[in-house]
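# A closer look at the structure
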Amino acid sequence: MNLQTFSRQAPPRIFLPYVLGFLLVSAFAPSAAAQSCGTHGVVVQILGSGGPELQDKRASSSYLVWEDGRPRVLVDAGGGSALRFGESGAQMSQLDVILFTHFHVDHSGDFPALIKSSWFEDRKRPLPVFGPPGNEFMPSTTEFVSDLFGDKHGAYRYLSELLVPTEQGSYKIQPHNVEAGSTPVGVFHEHGLSASAVHVIHGAVPALAWRVEIAHKSIVFSGDTNGDDPGLVRLAQNADLFIAHNAVPEGAEGVERRLHMPPSVIGQIAADAHVKMLALSHRMLRTLGQEDQTLFQIKKSYSGPVVFANDLDCFSVK
Ligand SMILES: [Zn+2]
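## Notes on the coordination of the zinc ion
Around the zinc ion, the protein contributes the donor atoms Asp-106 (OD), His-107 (NE2), Asp-224 (OD) and His-282 (NE2), at 2.1 to 2.2 Å from the metal centre. Geometry at the zinc ion is irregular, judged from the four donor atoms that bind it and their angles of 85 to 166° at the metal. Taken in sequence order, the residues that donate to the zinc ion follow the motif D-H-x116-D-x57-H. Overall, His-107 belongs to the buried group, its relative accessible area being 0%.

## Observations regarding the sheet that holds strand 13 (residues 278-281)
On the basis of which strands lie adjacent, the open sheet formed by seven strands has the order 8-9-10-11-12-13-14 and mixed pairing. A strand with exactly one partner marks an edge of an open sheet, and here the two such strands are strand 8 (185-190) and strand 14 (306-308). Averaged over all pairs of adjacent strands, the angle between their axes in this sheet comes to 20°, without regard to strand direction. Contacts between helix 8 (residues 263-273) and the sheet are confined to strand 12 (241-245) and strand 13, with strand 12 contributing the most and set at about 160° to the helix. Here helix 9 (residues 291-299) sits on the sheet in contact with strand 13 and strand 14, set at roughly 155° to strand 14.

## Points about the packing of helix 8 against helix 9
Where helix 8 contacts helix 9, the two axes come as close as 7 Å, and the packing angle between them is 40°. It follows from the interaxial angle that helix 8 and helix 9 lie oblique. The two elements helix 8 and helix 9 cross, and the hand of that crossing is right-handed. Along the contact surface, helix 8 presents Pro-263, Ser-264, Ile-266 and Gly-267, while helix 9 presents Thr-294, Gln-297 and Ile-298. In the contact of helix 8 with helix 9, the residues fall into three nonpolar, four polar and no charged.

## Some thoughts on helix 4 (residues 111-118)
Considered for burial, the residues of helix 4 that qualify are Phe-111, Pro-112, Leu-114, Ile-115 and Ser-118. Viewed along the axis of helix 4, the buried residues span an arc of 160°, placing them on a single side of the element.

## With respect to the confidence of the model for the protein
Looking at the protein, the pLDDT average stands at 91 and 89% of residues meet or exceed 70. The low-confidence segment residues 1-33, where pLDDT is below 50, has 25 contacts with residues more than four positions distant or belonging to other chains.

## What to know about the state of the cysteines
Using the criterion set out here, one finds one disulfide in the structure. The partner cysteine of Cys-37 in its disulfide is Cys-314, sulfur to sulfur 2.0 Å. The sign of the S-S torsion, about -85°, decides the handedness of the disulfide formed by Cys-37 and Cys-314: left-handed. Residue Cys-37 is located in the loop between helix 1 (16-26) and strand 2 (42-48), and its partner Cys-314 is located in strand 15 (residues 314-317); the two are separated by 277 residues in the primary sequence. Each member of the pair, Cys-37 together with Cys-314, is buried.

## Section: the environment of Leu-285
As for its position among the elements, Leu-285 is in the loop between strand 13 and helix 9. Look at Leu-285 and you get partly exposed, because its relative accessible area is 41%. Contact partners of Leu-285, with chain neighbours within four places excluded, come to Glu-53, Gln-55 and Asp-56.

## Topic: unusual backbone geometry
Look at Asp-76: it is not a glycine, yet its phi comes out positive at around 65°. Note on placement: Asp-76 falls in the loop between strand 4 (70-75) and helix 2 (81-88). By relative accessible area, Asp-76 is classed as buried at 1%. A positive phi angle, near 60°, is found at Asn-238, a position not held by glycine.

## Section: the packing of aromatic side chains
Remark: the centre distance and the inter-plane angle together describe each pair of aromatic rings, the angle taken between the planes. This model, assessed by the stated rule, comprises nine aromatic pairs. A ring pair is formed by Tyr-63 and Phe-221, whose centres lie 5.5 Å apart and whose planes are at 35°; its orientation type is tilted. Note that Tyr-63 is positioned in strand 3 (residues 62-67) and Phe-221 in strand 11 (residues 217-221), a separation of 158 residues in sequence. Note on Tyr-63: relative accessible area 1%, which makes it buried. With a relative accessible area of 1%, Phe-221 lands in the buried category. Where Phe-100 meets Phe-144, the ring centres are 5.9 Å apart and the plane angle is 70°; that geometry is what we call edge-to-face. With Phe-100 in the loop between strand 5 (97-99) and helix 3 (105-108) and Phe-144 in helix 5 (residues 141-149), the pair connects residues that are 44 residues apart, well separated along the chain. Judged by relative accessible area, Phe-100 falls into the buried class, the value being 0%.

## Considering the pairing of strand 13
Burial of the side chains of strand 13 extends over both faces: Leu-278 and Leu-280 are buried on one face and Ala-279 and Ser-281 on the other. With four bridges connecting them, strand 12 and strand 13 associate as parallel partners. Bridge pairing in strand 13 places Phe-242 opposite Leu-278. Across three bridges, strand 13 lies against strand 14 in parallel orientation. Across the sheet, residue Leu-278 finds its bridge partner in strand 14, namely Val-306. This β-α-β element, strand 13 to helix 9 to strand 14, shows right-handed connectivity.

The rules we used
Residues numbered from 1 in each chain as written. Predicted model: local features only at pLDDT ≥ 70, side-chain atom pairs only at ≥ 80, totals over all residues. Heavy atoms only, no water. Donors = N, O, S within 2.8 Å, 3.2 Å for Na, K, Ca; no water. Tetrahedral: all angles 85-135°; square planar, octahedral: opposite > 155°, others 65-115°. Buried < 20%, exposed > 50% of the residue type's maximum accessible area, 1.4 Å probe, protein only. Pairing = 2+ DSSP bridges. Helix = DSSP H or I, 4+ residues; strand = E, 2+ residues; numbered from the N terminus. Axes fitted to C-alpha atoms, helices over the stretch in contact; angles between N-to-C directions. Contact = heavy atoms within 4.5 Å. Parallel < 35°, antiparallel > 145°, perpendicular 65-115°, else oblique. Left-handed = near helix turned anticlockwise from the far one by under 90°. Nonpolar A, V, L, I, M, F, W, Y, C, P; charged D, E, K, R; others polar. Arc of directions from axis to C-beta. pLDDT = per-residue confidence, 0-100. Disulfide = S-S within 2.5 Å. Phe/Tyr/Trp six-rings, centres within 6.5 Å; stacked < 30°, edge-to-face > 60°. Right-handed = clockwise from strand over helix to strand, strands pointing away.

So this is what it looks like as C-alpha cells:
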C-alpha cells in the first residue's frame, strides 16, 4: 500500500558557469547521490516500460531492484535497457544476480551490451544468471549465454573469458536453467536476497515469472504470459508490488491473446493474489492511450492501487 513513485524532475535553472563547474567535478566523482532512486530502502526501478516496438519511445522490458542505494537484481534486459541502466547510476559490478523471464528480443536484446560494459568495471565475483530451459523454438539459459560468449561458436567469442572456466582474466558468468512448474521454486538465496520462479504460459516460448524477496519486501514480475497458469497467482501471493505486463487491450484475440493477458485477467490475478500494489509495464502501441479502459477492467476485480510504469520510474516498496 505504502508505495511512492518518483519520476525524473526537470532540472532547475542554474547559472551556467556553476553548472559547468559542477559537471566537471561530478563527472569524475560517482557517488550514491548519482543514483536516481535514492539510497534508502527497497526500490524497483523501471529500466524499460515498453514492448518490442521502437515507436513506443520506451526501452523494452527490464527492471532493477535496489536495496539501500545498491542495485542487486536485474530482471530482463530488453532493447534500450542498457542505456537506461547507465542512466540509473547502477554499475554491473554491483549486481548480485540477473533473472530472465524468457529470451524474446524485447527481454534479452541488451544483455551483451550490459556484459560488455561490465568489462570496464572491477568485478571479481561470479555473476549468476537464471532463466528458463529451452525447447525447439528457444535456447535454454545456458545455451543463450553460450551462443553469445562461448569460445567456439559464440557470436561474441572475443569475450569468452567471461564464460570459459579455463580462460583467465575476468569474472565468470554462471548461467542456470530453471525447471519450474506451477509451484514456486526457490533458485537463489544469498545475503538476504532470494528469488523464486514459476512457469508461465507465453505461447510455445519457455517462460518464467519471478518473485524477489529482499529486506522483508516482495516484488513479483509476471513477465510475458497469457495468465492461464495457476502458478502466477501462487507466486504473487501477498506481494508488496506486482509488475504485470499490459501488452494487449481487453478483447484481444488470436495470437495476441494466446501470448498475453488482457487487463481483466491482470486484475483477477492481482485480486486473487492479494497483491498490495499493481504496476503495469510492457506498454505497447495497442495499449498506450487505452489507460482509462485498462483501469476500468482491472478495477472490476482489483481494488488496490494501480500505476502505469514509465522508463526510469522508481517504486519505493515500504
Ligand atoms: Zn515481451
